[in-house]
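Notes for the structure review
For reference, the chains in residue letters:
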Amino acid sequence: MKDIQHSPATTSRATARTRPTSRQQADYVPASEVRALLANSLAARQERLGAADMISTDEAARLVQTTRVTINAWIAKGRAIGLTQTKRGFRMPRWQFEPSMWDALPRMSAALGATEGWALLSFLESPHGGLNGITPRQAIEQGQADKVIKIAEHEGN
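The following refers to the structure shown. Since this is a predicted model, take the numbers as computed values, not measurements. Residue numbering note: each chain is counted from 1, following its sequence as written. Predicted model: local features are reported for residues with pLDDT of at least 70 only, side-chain atom pairs are reported and counted for 80 or more only, and whole-chain, interface and lining totals are derived from all residues. Heavy atoms from the whole structure form the basis of all side-chain values; hydrogens and water molecules are not counted.

1. Re the packing of aromatic side chains
Applicable threshold: Centres within 6.5 Å make a pair out of two Phe, Tyr or Trp rings, where for Trp the six-membered ring is used; the pair is then stacked when the planes are under 30 degrees apart, edge-to-face when over 60, and tilted otherwise. Whether a residue is buried, partly exposed or exposed follows from its accessible area with a 1.4 Å probe, protein chains only, as a fraction of its type maximum: under 20%, in between, or over 50%, in that order. Cation placement over rings: the criterion is NZ of Lys or CZ of Arg within 6 Å of the ring centroid and within 35° of the ring normal.
Considering all chains together, one arrives at two aromatic pairs under this definition. Both rings, one in F97 and one in W102, keep their centres 5.3 Å apart while their planes meet at 35 degrees; by these two values the pair is tilted. A single burial state applies to F97 and to W102, both of which are buried. An aromatic cluster is present here, built from W74, F97 and W102 joined pairwise through their rings. When the ring centre of W102 is taken as origin, the NZ or CZ atom of R79, which lies over that ring, is 3.5 Å away.

Pasting the structure below:
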């Protein structure tokens, strides 16, 4: 049987495939950090769900004089922000029913390409550099809905 000679380039490529590099190791977060992040995320979500500005779908229906079925349909379409919780049903930020927000919300949802409540709320309540550090919610309340929609279009693509 004939011995196969490997060139240095072939040998280094083979070694590179089998030996983990520091880059590969840095691409993973230790399980302990993931558990801590998820625990903090759950705690933050529970805290947000219990905030004073949150209402149930029944309360939202009474507020806007419609039915819970309609509210649930609006949530499904991204017309309203409904936050899932550990028990059945949704919690909703009351401020979304203010006229300026109510008019901007479906446009923003479409621009982001998102209907999931936590994604919409996160976008609205996170300070944004394109808005000089204020949140999209604050910008909409200050009459800058069109600017927020343009930012949402950029982030949605």
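Past the structure itself, the notes keep going.
2. What to know about the pattern of salt bridges
Heads up, the rule is: We count a salt bridge whenever a side-chain nitrogen from Lys or Arg sits within 4 Å of a carboxyl oxygen from Asp or Glu. Strands here are runs of E lasting at least two residues and helices are runs of H or I lasting at least four, both read from the DSSP assignment and numbered beginning at the N terminus.
In the structure shown here, the tally under the stated rule is five salt bridges. Of the charged contacts, one joins E125 and R48 as a salt bridge, the two residues approaching to 2.7 Å between their closest N and O atoms. A residue pair is termed long-range when its members are at least 10 positions apart, and E125 in helix 7 (residues 117-125) and R48 in helix 3 (residues 31-49) qualify at 77 residues. A network of salt bridges, in which partner residues are shared, links R48, D53 and E125.

3. Details of the layout of surface pockets
For the record, the criterion: Put plainly, a pocket is an open set of points on a 1 Å grid over the protein atoms alone with protein on both sides within 12 Å along at least five of seven lines, a cavity is a set where a 1.4 Å probe fits but cannot get out, and a lining residue has an atom within 4 Å of a point. Grid points are joined across faces, edges and corners, and a volume is the space filled by probe spheres set on the points. Each residue is assigned to one of three groups, with Ala, Val, Leu, Ile, Met, Phe, Trp, Tyr, Cys and Pro labelled nonpolar, Asp, Glu, Lys and Arg labelled charged, and all others, Gly among them, labelled polar.
Looking at the largest pocket, its volume works out to about 200 Å³. Taken together, S56, T57, D58, R68, N72, Q85, R88, G89, F90 and R91 make up the full set of residues lining the largest pocket. At the level of elements, helix 4 (57-63), helix 5 (68-77) and strand 3 (90-93) are the ones that each hand at least two residues to the lining of the largest pocket. Classifying every residue of the lining of the largest pocket by side-chain character gives one nonpolar, five polar and four charged.

4. Some remarks on the sheet that holds strand 2 (residues 83-84)
To be explicit about the condition: A pair of strands counts as paired when DSSP detects no fewer than two bridges linking them.
Across the sheet, three strands lie side by side as 1-3-2; this open sheet has antiparallel pairing. What marks the edges here is a single partner per strand, and that holds for strand 1 (54-56) and strand 2. Sheet topology note: the strand 2/strand 3 ladder contains two bridges and is antiparallel. Looking across to strand 3, one finds that T84 is bridged to F90.

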